[in-house]
Amino acid sequence: MYRFLLTRQWVILTIIAIALIPTMIWLGFWQLHRHDHRQALNKVIAASQAAKPVPVETLTSVGGSVAHEDIYRTVTAKGHFDAAHELVVRRRTSADDKVGYHVLTPFVLDDGKVLLVNRGWIPSPDSQTAFPRIPAPAQGELTITGRLMQNQTTAASGIKNVKGLPDRQIMLIDSEQVGTLLRDSGDASAKAVLGGYADLLTPAPKSGSPELIPAPQGDTSWIGNADVNLPYAVQWWLFAACIPVGWLILARRELRDRTGTAREAVREESEPAAV
C-alpha cells in the first residue's frame, strides 16, 4: 500500500525532512541561547546603571581587561585630555543611524596612566582618507565620568579589523592595540594604558559635538520588549514539529490519490466496451 514511499521522489523528500528536523531544533536552541545571553546582559546593564560611580582604576588596570559584570559601570577619572594623539574609529553610527566616526581621545590621569575615552560620534568628512576636523575636548585639569566598556572585538561587533587604514584611523577600540599605535606615533604617555575604554558622560560637549554615546536600554522582563530571540526559538521548534505532520499529510494524500486512480482504472476495465 505504501510502496510509493520507496520511489526516488519520496526517498529524497523523506531524507530532506529527516535532516531538517534536527537542524530546526538546533536553530531553536541557538535562538534560546541568544535570548538567555540578552537577559543576562540586561541584568548587568541594570546593575551597572544602579551602582554608584567609582574611580576607574578600581575596575581595570594597565594591560588588564574589564570584567563582564563591570561593563557599563559609571567610572570617574581625574586628569586631562591629550587631543594631540586622539584617533577616530570608522564605520560608527549616530543615534539616527547616520554613518560616521567615534572620537577616541587619550585621557592622562594624574598618576600618568592613560584611559581611552570615546568622546562620541561625528559625521564622516567628504574624504575618507583625510583626518576629520574634531571639536576640541574640555581643556585643563578636570574630572570626567564615563561608562566603562570592554575592548571591542570582531566576534562581538561583526566589524573586521582592517589593516592599512589612513593615519590615526582604526576599526575597533582595543586598548592594547591602540596603546601600541600611540607609542609608535611618539606618544610617551601611552606606556601605561588601562584595559578597556570609557564612553564619555561628563563633561558634555558645549556644542553638542561629538554626539555622546546613548545609554544602553536594558530590559529585565521575561521576554524583553525588543527581544525577538525567544519567539524565534519557539518558531523554529514549531517548524520542526510541523515537518513530520506535513510529511504524514502528504503521504496520506498521495495514498488517497493513488488508490483513487487505481479504482478508476479497474472501473474502466470492467465496463463493457461501447458498440
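Preceding block: the structure.
Along each chain, residue indices are assigned from 1 in the same order as the chain's sequence is written. In keeping with the predicted nature of the model, local features appear solely for residues at pLDDT of at least 70, side-chain atom pairs appear and are counted solely at 80 or more, and the whole-chain, interface and lining totals rest on all residues. Computation of side-chain values: all heavy atoms of the structure, hydrogens and water removed.

A. Geometry of the overall build of the protein chain. In terms of regular secondary structure, the protein chain is built from 4 helices and 8 strands. Listed by position from the N terminus, the elements making up the protein chain come as α-β-β-β-β-β-β-α-β-α-β-α. The C-alpha atoms of the protein chain give a radius of gyration of 30 Å, which is well past the 19 Å a tight globule of 275 residues would have. Structurally, the protein chain occupies a C-alpha span of about 115 × 40 × 35 Å along its principal axes. Here the protein chain holds 275 residues, and 36% of them are scored as buried. Per element, the accessible surface of the protein chain, about 16,300 Å² overall, is 59% carbon and sulfur. Only DSSP runs of H or I reaching four residues or more are called helices, and only runs of E reaching two or more are called strands; each is numbered from the N terminus. Computation of the radius of gyration draws on C-alpha atoms, with the globule rule given as 2.2 Å multiplied by the number of residues to the power 0.38. Summary of the burial criterion: residues with accessible area below 20% of their type's maximum are buried, those above 50% are exposed, and those between are partly exposed, where the area comes from a 1.4 Å probe applied to protein chains only. Every accessible area reported is derived by Shrake-Rupley at a probe size of 1.4 Å, with residue values counting cover from the shown protein chains alone.

B. Layout of the nonpolar core. Only buried residues count toward a nonpolar core, which is a set of Ala, Val, Leu, Ile, Met, Phe, Trp, Tyr and Cys residues joined through side-chain atoms within 4.5 Å. Grouped together as the largest cluster of nonpolar side chains are 35 residues, with contacts concentrated most on Val56, Phe107, Leu115, Leu116 and Ile144. Elements represented by at least two residues in this core include exactly helix H1 (8-50), strand E2 (74-81), strand E3 (87-93), strand E4 (99-109), strand E5 (114-123), strand E6 (142-149), helix H3 (175-184) and strand E8 (197-202). Only heavy atoms matter for contacts: two residues are in contact if any of them lie within 4.5 Å across the pair. The contacts of Val56, once residues within four sequence positions are left out, are Val75, Thr76, Ala77, Leu109, Leu115, Leu148 and Leu194. Formed by 5 residues, the second largest nonpolar core is a distinct cluster that contains Val88, Val103, Ile122 and Ile134.

C. Molecular detail of the environment of Ala190. You can see Ala190 is positioned in the loop between H3 and E8. According to the relative accessible area criterion, Ala190 is buried, its value standing at 0%. Residues within four places of Ala190 in sequence aside, it is in contact with Val114, Gly179, Leu182 and Arg183.

D. Summary view of the environment of Lys78. Within the fold, Lys78 resides in strand E2. Once the C-alpha coordinates of Lys78 and Gln217 are considered, the two residues, 139 residues apart in sequence, prove to be 28 Å apart. Not counting residues up to four positions away in its chain, the partners in contact with Lys78 are Phe107, Val108, Leu109, Asp110, Glu141, Leu142 and Thr143.

E. Focus on the pairing of E6. For E6, the buried fraction is high: 7 of the 8 residues fall into the buried class. Strands qualify as paired when DSSP identifies two bridges or more between them. Note: E2 against E6, 6 bridges, orientation antiparallel. From the neighbouring strand, Val75 faces E6, where its bridge partner is Gly146. Relative to E8, E6 runs antiparallel, the two being bridged by 5 bridges. Within E8, the position partnered with Gly146 by the bridge is Leu200.

F. Here's a closer look at the pattern of salt bridges. Should a side-chain nitrogen of Lys or Arg be within 4 Å of a carboxyl oxygen of Asp or Glu, the pair is scored as a salt bridge. This structure, assessed with the given rule, holds 4 salt bridges. With a shortest N-O distance of 3.9 Å, Lys98 and Asp96 are connected by a salt bridge. Through salt bridges with shared partners, one network takes in Glu57, Asp111 and Lys113.

G. Up close: the packing of aromatic side chains. Two rings from Phe, Tyr or Trp (for Trp, the six-membered ring) form a pair when their centres sit within 6.5 Å of each other. Planes less than 30 degrees apart are called stacked, planes more than 60 degrees apart edge-to-face, and all others tilted. Evaluated as defined, the whole model comprises 6 aromatic pairs. Where Phe81 meets Phe107, the ring centres are 4.9 Å apart and the plane angle is 75 degrees; that geometry is what we call edge-to-face. Highlighted residues: Phe81 in strand E2 and Phe107 in strand E4, separated in sequence by 26 residues. Given the relative accessible area of 10%, Phe81 is considered buried.

H. A look at the environment of Thr154. By the secondary structure assignment, Thr154 is in helix H2 (residues 154-157). Thr154 sits 41 residues away from Lys113 along the chain, and the two C-alpha atoms are 26 Å apart.

I. Main features of H3. Taken as a whole, H3 has its buried residues at Ser175, Val178, Gly179 and Leu182. Buried residues of H3 fall within an arc of 105 degrees about the axis and therefore sit on the same side. Seen from the buried face of H3, the exposed residues on the opposite side, beyond 90 degrees, are Glu176 and Asp184. Of the surrounding secondary structure, the elements contacted by the buried residues of H3 are E3, E4, E5 and strand E7 (169-170). Between the side-chain oxygen at the start of H3 and the backbone nitrogen of Glu176 there is a gap of 3.0 Å, and the oxygen is on Asp174. It is the directions from the helix axis to the C-beta atoms whose arc is reported. Nitrogen and oxygen atoms within 3.5 Å of one another constitute a polar contact, given that in protein one can donate a hydrogen and the other can accept it, and given that sequence-neighbouring residues count only through two side-chain atoms.

J. Spotlight on the side chain of Thr60. Checked against the element boundaries, Thr60 lands in the loop between strand E1 (54-55) and E2. Overall, Thr60 belongs to the buried group, its relative accessible area being 6%. Of the polar contacts made by the side chain of Thr60, one reaches the backbone oxygen of Gly195; its length is 2.8 Å. Not counting the four nearest positions on each side in its chain, Thr60 is found in contact with Ser65, Val66, Leu194 and Gly195.

Note that every value here comes from positions in space, so none of it alone points to a role or purpose.
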